[in-house]
There are 2 protein chains.
Amino acid sequence: MRIGELARLSDCDVETIRFYEREGLLAAPAREANGYRSYTEAHLVQLNFIRHCRSLGIGLPEVRILRSFQARPELACEEINQLIDQQIGRIHQQVETLRLLERQLHALRDTCRATQRASECGILRNLAQAAEGEGCSCHPAGHAI
Amino acid sequence: MRIGELARLSDCDVETIRFYEREGLLAAPAREANGYRSYTEAHLVQLNFIRHCRSLGIGLPEVRILRSFQARPELACEEINQLIDQQIGRIHQQVETLRLLERQLHALRDTCRATQRASECGILRNLAQAAEGEGCSCHPAGHAI
DNA sequence: TAACAGTCTGTAGTTGATACAGGGTCAAGG
DNA sequence: CCTTGACCCTGTATCAACTACAGACTGTTA
């Protein structure tokens with residue numbers, strides 16, 4: 001099949017497929033006489049694997065490692081487990097960071113519930129909190145978050 | 001003060017400060033006779049504002065907007081409120097996506113609790129789930145997540 | 001005098017794609 | 001025969017927000 005059909009079947013952009021090939025993630029296919037890429041079912045399988053990994057936030061270098069395990073099934077899969085555990089740790093860390101961020105933003109948002117002039121906007125005052133000693137229009141009572 | 005001291009005071013890398021100047025976020029400072037950048041307290045204030053926004057995940061274009069409101073305090077701050085609300089929405093969406101991801105990764109991880117050969121690794125089998133019709137070593141019972 | 005820290009400009013790399021520009025291929029329709 | 005349109009090709013540039021050099025200069029200290 002040609003690249004367009006592969007793209008349709010895998011729900012992956014044509015440019016992205018060529019990108020994966022350049023990156024050495026997807027095996028280079030045979031070419032037709034006119035130079036068009038000619039893919040097999042095996043390419044579709046490979047590509048689906050890559051997309052599935054990516055949908056789980058697994059980075060391309062890690063996908064490369066997983067692919068190498070597929071190619072050599074006699075190896076122990078300890079490294080696979082570690083890789084997934086690391087990924088879980090990373091994601092968990094990101095979630096925690098973003099939840100903190102969300103709380104901070106809500107607190108910030110609550111400092112300006114009404115539409116007023118920017119000079120009186122609690123948000124702007126809070127964002128400028130670090131600007132101590134500046135001749136700004138901040139209330140002394142304006143608490144930073 | 002010179003760029004190194006500003007970097008220390010703002011806990012921001014020297015290269016990042018020059019980057020903000022190139023991007024038009026931080027006002028270009030005066031220069032010493034030798035060409036070194038010469039910063040004032042006002043620059044430190046500006047930079048702290050930018051870093052504070054960035055620590056809240058606010059993008060550089062948005063920071064630019066907020067800075068323009070600082071420069072023109074007579075304007076209504078409605079746009080500021082909208083900007084923060086959008087930011088909250090974005091962060092919330094990211095949190096939800098990542099929490100789903102985390103659950104999926106845990107489910108995936110649970111398919112391989114022991115160290116075994118890669119060919120028997122539930123993780124690899126699950127990641128390859130999309131590879132139906134392939135002559136792989138997957139159990140028919142191996143549920144994809 | 002020489003080492004060393006700090007600074008300068010300018011450019012390239014990071015991640016994972018995405019978006020062209022500028023051209024070639026091929027089948028159907030007028 | 002010509003054209004339109006869909007598809008394909010390579011190669012390069014762009015995105016965010018920095019980060020990391022290379023190669024040169026300045027200034028202080030031993």
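Figured I'd write up the structure that's included with this text. (Residues numbered from 1 in each chain as written. Chains lettered and ligands numbered in written order. Predicted model: local features only at pLDDT ≥ 70, side-chain atom pairs only at ≥ 80, totals over all residues. Heavy atoms only, no water.)

## Looking at the nonpolar core
Core analysis: the biggest nonpolar cluster contains 64 residues, and Ile17, Tyr20 and Ile58 of chain A together with Ile17, Tyr20 and Ile58 of chain B have the highest contact counts within it. Once residues lying within four places of it in the same chain are set aside, the contact partners of Ile58 of chain A are Cys53, Val63, Leu66, Leu83, Ile84 and Gln87 of chain A. (Core = buried A, V, L, I, M, F, W, Y, C linked by side-chain atoms within 4.5 Å. Buried < 20%, exposed > 50% of the residue type's maximum accessible area, 1.4 Å probe, protein only. Contact = heavy atoms within 4.5 Å.)

## Thoughts on the packing of aromatic side chains
In the structure shown here, the tally under the stated rule is two aromatic pairs over all chains. Here Phe19 of chain A and Tyr20 of chain A contribute two aromatic rings whose centre-to-centre distance is 5.8 Å and whose plane-to-plane angle is 45 degrees, an arrangement assigned as tilted. (Phe/Tyr/Trp six-rings, centres within 6.5 Å; stacked < 30°, edge-to-face > 60°.)

## Examining the protein's contact with DNA strand C
Around DNA strand C sit 19 residues in total, of which Tyr36 and Arg54 of chain A together with Arg18, Tyr36 and Arg37 of chain B are the nearest. The backbone of Gly4 of chain B places a nitrogen or oxygen atom 2.8 Å from a phosphate oxygen of DNA strand C. Backbone polar atom of Arg37 of chain B to a phosphate oxygen of DNA strand C: 2.6 Å apart, as the coordinates give it. Put simply, the parts of the chain that give the surface near DNA strand C at least two residues each are helix H2 (14-22), helix H3 (41-55) and helix H4 (60-71) of chain A together with helix H1 (3-10) of chain B. When its residues are assigned to classes, the surface near DNA strand C shows seven nonpolar, five polar and seven charged. (Near = heavy atom within 4 Å. Polar contact = N/O pair within 3.5 Å; in protein donor to acceptor, adjacent residues only side chain to side chain. Helix = DSSP H or I, 4+ residues; strand = E, 2+ residues; numbered from the N terminus. Nonpolar A, V, L, I, M, F, W, Y, C, P; charged D, E, K, R; others polar.)

## Some words on the pattern of salt bridges
A complete count under the given rule lists twelve salt bridges over all chains for this structure. In this structure, Asp85 of chain A and Arg109 of chain B form a salt bridge, with 2.7 Å as the shortest nitrogen-oxygen distance. In this pair, Asp85 of chain A is assigned in helix H5 (residues 78-109) and Arg109 of chain B in helix H5 (residues 78-109), connecting two distinct chains. For Arg109 of chain B, a relative accessible area of 9% corresponds to the buried category. (Salt bridge = Lys/Arg side-chain N within 4 Å of Asp/Glu carboxyl O.)

## A word on the side chain of His43 of chain B
Inspection of the secondary structure assignment puts His43 of chain B in helix H3 (residues 41-55). His43 of chain B has contacts with Leu26, Ala27, Ala28 and Pro29 of chain B, leaving out every residue within four places of it along the chain.

## Considering the protein's contact with DNA strand D
Taken together, 19 residues are adjacent to DNA strand D, and Gly4, Arg18 and Arg37 of chain A together with Asn34 and Arg54 of chain B come closest. In DNA strand D, atoms within 4 Å of the protein come from the sugar-phosphate backbone in 78% of cases. When residues in the surface near DNA strand D are grouped by element, the largest group, four residues, is from helix H2 (residues 14-22) of chain B. Among the residues forming the surface near DNA strand D, the class breakdown is seven nonpolar, five polar and seven charged.

## Structural notes on the packing of H3 of chain A against H4 of chain A
Residue and element names in this part refer to chain A. Look at H3 against H4: their axes get within 10 Å of each other, and the N-to-C directions meet at 135 degrees. One finds that H3 runs oblique with respect to H4. For the pair H3 and H4, the crossing hand works out as right-handed. For the pair H3 and H4, contact is made by Gln46, Phe49, Ile50, Cys53 and Arg54 and by Leu60, Val63, Leu66, Arg67 and Gln70, respectively. Here the residues of the contact of H3 with H4 are counted per class, giving six nonpolar, two polar and two charged. (Axes fitted to C-alpha atoms, helices over the stretch in contact; angles between N-to-C directions. Parallel < 35°, antiparallel > 145°, perpendicular 65-115°, else oblique. Left-handed = near helix turned anticlockwise from the far one by under 90°.)

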